[in-house]
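Summary of the model geometry
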Amino acid sequence: MIPPQKFKELLKEQSGTIIDVRTKDEYRNGHLKKADYNFDLMSGEFEQKIKSLDKKRSYYLYCRSGNRSGQAAGIMKKNGFKNVYNVGGLQQLVNAGFEKQ
């Protein structure tokens, strides 16, 4: 897991795709404004959904606490993704200044 400040730095250095791995209900109740996708890790479809992504890009994953995003990052790395970062939990990111929608 990387801290929010490091996440901000990485976003400036190299653009990437932000993925919320929480449930659809959690996502609807609020998510990062910059989130590109909501791929629910627990739905059983996560591995299928990541197949359409470019393995050469950078990916930043978050959830509620950082646990599911850590699991999702492991799955992506196992599937050949190199630049995958677990950026932690939503509230932690909002507290660090990321905009919530």
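Below, the structure is looked at part by part. In every chain, residue numbers begin from 1 and rise along the written sequence. Selection of residues for local features in this predicted model requires a pLDDT of at least 70, selection of side-chain atom pairs for listing and counting requires 80 or more, and totals for whole chains, interfaces and linings are taken over all residues. As a convention, hydrogens and water are excluded, and side-chain values are obtained from all of the structure's heavy atoms.

What about the pattern of salt bridges?
When a carboxyl oxygen of Asp or Glu is within 4 Å of a side-chain nitrogen of Lys or Arg, the pair counts as a salt bridge. Under the defined criterion, the tally for this structure stands at 5 salt bridges. In this structure, arginine 22 engages aspartate 20 in a salt bridge whose closest nitrogen and oxygen atoms are separated by 2.7 Å. To sort residues, take the accessible area from a 1.4 Å probe on protein chains only and compare it with the maximum for the residue type: under 20% means buried, over 50% means exposed, and anything in between is partly exposed. On the basis of relative accessibility, which here comes to 6%, the residue arginine 22 falls in the buried class. A salt bridge links glutamate 26 to arginine 68; its shortest N-O distance comes to 2.8 Å. Taken together, the residues glutamate 26 in helix H2 (residues 24-28) and arginine 68 in helix H4 (residues 67-78) connect sequence positions 42 residues apart. Residue classification places arginine 68 among the buried residues on the basis of a relative accessible area of 14%. The numbering of helices and of strands both runs from the N terminus, where a helix is a DSSP run of H or I of at least 4 residues and a strand a run of E of at least 2.

Topic: H4
One less than the residue count of a helix, multiplied by 1.5 Å, gives the span that helix is expected to have. Helix length check: H4, at 12 residues, gives a terminal C-alpha distance of 17 Å against a target of 16 Å (1.5 Å per residue), a fit within 8%. Every residue pair with non-hydrogen atoms within 4.5 Å of one another is taken to be in contact. Where H4 is buried, its residues meet H2, helix H3 (46-50), strand E3 (58-63) and strand E4 (83-89). Among the residues trailing H4, glycine 80 stands out with phi positive, at a value near 95°.

Considering the sheet that holds E4
What the 4 strands build is an open sheet, ordered E2-E1-E3-E4; its pairing is parallel. Edge positions in the sheet fall to strand E2 (37-38) and E4, since each of these pairs with one other strand and no more. Here strand E1 (residues 17-20) pairs with E3 via 4 bridges, running parallel. Bridge pairing in E3 links aspartate 20 to tyrosine 62. Inter-axis angles, ranging from 0 to 180 degrees, are taken between N-to-C directions of lines fitted to C-alpha atoms, where helices are fitted over the stretch in contact. Packing against the sheet, helix H1 (residues 4-13) makes contact with E1, E3 and E4, and its axis sits at approximately 150° to E3. Pairing between two strands is assigned when DSSP locates at least 2 bridges connecting them.

A look at the environment of glutamate 13
Here glutamate 13 shows up in helix H1. Separated by 21 residues in the primary sequence, glutamate 13 and lysine 34 have C-alpha atoms spaced 16 Å apart.

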